[in-house]
Amino acid sequence: MTAVSFDRRGRRLRFTARHATVLDVRYVAPSIVRIRVTGSDLSDMVSEGPTDHVRVFVPDPATGELVAPAAIGPDVDGIVRPDRPSHGRDLTPMTIERVNEHTVLSLDVALHPEPGPLGDWAFGAVPGAEIVIVGPRGTKSVVQDARCILLIADATALPSCARWAREVPPATAVEVVVLSGAGSEGAAAYLAEQSGRSDLQVTPVHSIAELMHTVRARGVDGTTYVSAAGEAGAMAEVRRWLRRELELPRAQYTVSGYWKRGVSAFDHHAPLDPSDPDD
Ligand SMILES: Cc1cc2nc3c(=O)[nH]c(=O)nc-3n(C[C@H](O)[C@H](O)[C@H](O)COP(=O)(O)OP(=O)(O)OC[C@H]3O[C@@H](n4cnc5c(N)ncnc54)[C@H](O)[C@@H]3O)c2cc1C
């Protein structure tokens, strides 16, 4: 068998801020709401991979005022950041479709019990509401040559998992270990429906200990790519396992903290594990 490269093609995109208007809102799982937005600024927006993300700026929950970065200009790279506090949160672009002459971006938001500005906004979103979207700044395709993709996720990463399953070649097996929690009800049905694949192996787990036990028992061979995303504390454990215990080559996995318990507006570029000298 030829060696697996786990290559993921990537490129930078025009970095700008785009105004968008909510087109419609519907539930695609018991606690996942799909918000479709449109607007002429979206016409050149692209996303070619499941780990791409946009930063969505929503109005201040108290005042209703939308404070957000602005584009430097049409066809120019760069944004002007506001000089006042703003509320931007990261989301995965689920689909970007051309519908008639319009571009429509779908965002799937997992509702959770301590909603900040994004959760509040998503819960009450109505057609006509305005937001500003920054990014994606870059895009990275899926691995094409893995035999299997192992996805480790909580509800916030189900949109990304659905994209992985949809975008890898049909012959690539996809296994998803889903950490139960806010928004994860109906995960298997959501993943099957949103990916269009009926052959996904979805394993729910109910604690970080059960998650680690499950993935350790499974192991990772040289033909499997691992993508993990979710709460930062859980992801720090997953990354320790991949990096320290398995010593997997860096090209064989990606791990991202999508939110952190007790922290509002967690920055996913911040260290996952401050106690790790390599972080
Ligand atoms: C690259 C990337 C892609 C992402 N893609 C998606 C996506 O497609 N869909 C999606 O739903 N989320 C996604 N997220 C996660 C999302 O950005 C966070 O959950 C965000 O913090 C929610 O914002 P908020 O304003 O509701 O809460 P915040 O103001 O950020 O936090 C308020 C409180 O809620 C807690 N909290 C935040 N999120 C959760 C949660 N999910 N469950 C339980 N408690 C929570 C925080 O710890 C804090 O105590 C993504 C994050 C990243 C970095």
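Computed from a predicted model, the values in this text were never measured in an experiment. (Residues numbered from 1 in each chain as written. Predicted model: local features only at pLDDT ≥ 70, side-chain atom pairs only at ≥ 80, totals over all residues. Heavy atoms only, no water.)

**Topic: a nonpolar patch on the surface**
Part 1: On the surface, a cluster of nonpolar side chains totalling about 240 Å² of accessible area is made up of Ile72, Val76 and Val80.
Part 2: Along the polypeptide, isoleucine 72 turns up in the loop between strand E5 (70-71) and strand E6 (79-80).
Part 3: Looking at isoleucine 72, the relative accessible area reads 51%, which means it is exposed. (Patch = residues over 30% accessible without salt bridge, like charges linked within 9 Å, V, L, I, M, F, W, Y side chains within 5 Å. Areas by Shrake-Rupley, 256 points an atom, 1.4 Å probe, with all protein chains shown as cover. Salt bridge = Lys/Arg side-chain N within 4 Å of Asp/Glu carboxyl O. Helix = DSSP H or I, 4+ residues; strand = E, 2+ residues; numbered from the N terminus. Buried < 20%, exposed > 50% of the residue type's maximum accessible area, 1.4 Å probe, protein only.)

**Concerning helix H2 (residues 158-167)**
Part 1: Counting buried positions over the 10 residues of H2 gives 8, a clear majority of the element.
Part 2: Looking at H2, one finds that the buried residues are Leu158, Pro159, Ser160, Cys161, Ala162, Arg163, Trp164 and Ala165.

**Re the domain arrangement of the protein**
Part 1: The assigned domain composition of the protein is domain 1 (14-139) and domain 2 (142-259).
Part 2: On a C-alpha basis, the centres of domain 1 and domain 2 stand 25 Å from each other.
Part 3: Residue-level contacts link 20 residues of domain 1 with 20 residues of domain 2.
Part 4: Both sides of the domain 1 and domain 2 interface together cover about 1,500 Å² of buried area, and 58% of this is carbon and sulfur. (Domains from an automatic or database assignment. Contact = heavy atoms within 4.5 Å. Buried area = accessible area lost by both parts, 1.4 Å probe.)

**Some details on the nonpolar core**
Soluble globular proteins tend to bury their nonpolar side chains together.
Part 1: Ile149, Leu158, Tyr190 and Leu191 are the most contacted members of the largest nonpolar core, which totals 30 residues.
Part 2: Elements supplying a minimum of two residues to this core: strand E2 (17-29), strand E12 (148-153), H2, strand E13 (173-179), helix H3 (187-195) and strand E15 (224-231).
Part 3: For this core, the leading source of residues is H2, giving 5 residues.
Part 4: Both domains that meet at this core, namely domain 1 (14-139) and domain 2 (142-259), each give it at least three residues.
Part 5: Not counting the four nearest positions on each side in its chain, tyrosine 190 is found in contact with Val28, Ala29, Ile32, Met94, Asp108, Leu158, Pro159 and Ala162. (Core = buried A, V, L, I, M, F, W, Y, C linked by side-chain atoms within 4.5 Å.)

**Comments concerning the packing of H2 against H3**
Part 1: Close contact between H2 and H3 brings their axes to 8 Å; oriented N to C, the two are set at 45°. Put simply, H2 runs oblique to H3. In terms of crossing hand, the pair formed by H2 and H3 is right-handed. Of the residues in H3, those touching H2 at Leu158, Pro159, Cys161, Ala162, Ala165 and Arg166 are Ala187, Tyr190, Leu191, Gln194 and Ser195.
Part 2: Of the residues that constitute the contact of H2 with H3, the class distribution is 8 nonpolar, 2 polar and 1 charged. (Axes fitted to C-alpha atoms, helices over the stretch in contact; angles between N-to-C directions. Parallel < 35°, antiparallel > 145°, perpendicular 65-115°, else oblique. Left-handed = near helix turned anticlockwise from the far one by under 90°. Nonpolar A, V, L, I, M, F, W, Y, C, P; charged D, E, K, R; others polar.)

**Observations regarding the pattern of salt bridges**
Part 1: Counting across every chain of the model gives 14 salt bridges.
Part 2: Between aspartate 108 and arginine 34 there is a salt bridge; the shortest N-O distance is 2.7 Å. Separated by 74 residues along the polypeptide, aspartate 108 in strand E9 (residues 102-110) and arginine 34 in strand E3 (residues 32-38) bring together distant segments of the chain.
Part 3: The buried category is assigned to aspartate 108, whose relative accessible area is 4%.
Part 4: With a shortest N-O distance of 3.2 Å, aspartate 90 and arginine 55 are connected by a salt bridge. Here aspartate 90, found in strand E7 (residues 87-91), pairs with arginine 55, found in strand E4 (residues 54-58); they are 35 residues apart in sequence, far enough to count as distant.

**With respect to the site of the ligand**
Part 1: As a matter of local geometry, the ligand sits amid 25 residues, with Asp90, Ala110, Lys260, Ser264 and Ala265 nearest to it.
Part 2: At a separation of 2.9 Å, an oxygen atom of the ligand approaches a polar side-chain atom of arginine 89.
Part 3: One of the backbone nitrogen or oxygen atoms of glutamate 114 is found 3.0 Å away from an oxygen atom of the ligand.
Part 4: Contact with the protein chains covers 94% of the free accessible surface of the ligand, which is 920 Å².
Part 5: Within the residue set of the shell around the ligand, elements represented by two or more residues are E7, E9, helix H1 (117-124) and strand E16 (253-259).
Part 6: Taken together, the residues of the shell around the ligand break down into 10 nonpolar, 9 polar and 6 charged. (Near = heavy atom within 4 Å. Polar contact = N/O pair within 3.5 Å; in protein donor to acceptor, adjacent residues only side chain to side chain.)

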